[in-house]
Amino acid sequence: MGIFDIKLRKTDRLWTQYKRIKEKYMCQKCRRQYVPDNCANLHVAHFHGRGHENVRFDEENTLCLCGIPCHRYFDTHKTEFKAFMRERLGDKAYDLLDLRAHIYKKRDDKADLIILKQLLKQER
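Residues numbered from 1 in each chain as written. Predicted model: local features only at pLDDT ≥ 70, side-chain atom pairs only at ≥ 80, totals over all residues. Heavy atoms only, no water.

### Observations regarding the packing of aromatic side chains
The geometry of an aromatic ring pair comes down to the distance between the two centres and the angle between the two planes. The cut-off we apply is this: Here the aromatic set is Phe, Tyr and Trp, taking the six-membered ring for Trp, and pairing holds for ring centres within 6.5 Å; pairs whose planes are under 30 degrees apart are stacked, those over 60 apart are edge-to-face, and all others are tilted. As a reminder, the over-ring test applies to NZ of lysine and CZ of arginine, requiring each to be within 6 Å of the ring centre and within 35 degrees of the ring normal.
Throughout the structure, instances matching the rule amount to seven aromatic pairs. With 4.5 Å between their ring centres and 10° between their planes, Phe74 and Phe81 make a pair best called stacked. Here the aromatic cluster, defined as three or more aromatic residues joined through ring pairs, consists of Phe47, Tyr73, Phe74, Phe81, Phe84 and Tyr94. Positioned above the aromatic ring of Phe74 is the side chain of Lys29, whose terminal nitrogen or guanidinium carbon lies 5.7 Å from the ring centre.

Listed below in structure tokens is the structure:
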């Protein structure tokens, strides 16, 4: 594994399924619609990176974006991503998300897995 590779956990894959279903397989920037059988380019992007365990699986911290060009654009244009998220969430929710992102949470894959399975069950 290279230095820039992301190690995905089982919970990350479940969260990706959940967010794609929840956001109806649509990029939240360009509004491009995907179909479940052909959505490899539809990424679940994190505003605060996966290392912020407290918001790793947070509805407000993640959104579906086309890998190319939308996700790549926001990765290289952080100011625009911040403005997009502030507009999307509103000032109060944006500030609360930022606060949650900077509060420590110990990784708990077992609890996260139980919660994510339940969320997926509710969406299906």
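### Some words on the environment of Val44
For clarity, the threshold we go by: Strands here mean DSSP runs of E at least two residues long; helices mean DSSP runs of H or I at least four residues long; both are numbered from the N terminus. Throughout, a residue-residue contact means that at least one pair of heavy atoms, one from each residue, lies within 4.5 Å.
Its place among the elements puts Val44 in strand β1 (residues 42–46). Taking C-alpha positions, Val44 is 12 Å from Leu8, a pair spaced 36 residues apart along the chain. Aside from chain neighbours lying at most four places away, what touches Val44 is Trp15, Thr16, Lys19, Arg50, Thr62, Leu63 and Cys64.

### Focus on the pattern of salt bridges
Note the following rule: Salt bridges are identified by distance alone: a Lys or Arg side-chain nitrogen within 4 Å of an Asp or Glu carboxyl oxygen. Relative accessible area decides the class of each residue, using a 1.4 Å probe on protein chains only: under 20% of the type maximum gives buried, over 50% gives exposed, and in between gives partly exposed.
Within the structure shown, the criterion is met by 15 salt bridges. With a closest N to O distance of 3.1 Å, Asp12 and Arg50 form a salt bridge. Taken together, the residues Asp12 in helix α1 (residues 10–22) and Arg50 in the loop between β1 and β2 (62–66) connect sequence positions 38 residues apart. Of the two residues, Asp12 and Arg50, both sit in the buried class. Put simply, Arg107 and Asp109 hold a salt bridge, and the shortest N to O gap is 2.8 Å. Each member of the salt-bridge network shares a partner with another, and the members are Arg9, Asp12, Arg50, Glu53, Arg56, Arg107 and Asp109.

Any link to function would need more than the numbers given here.
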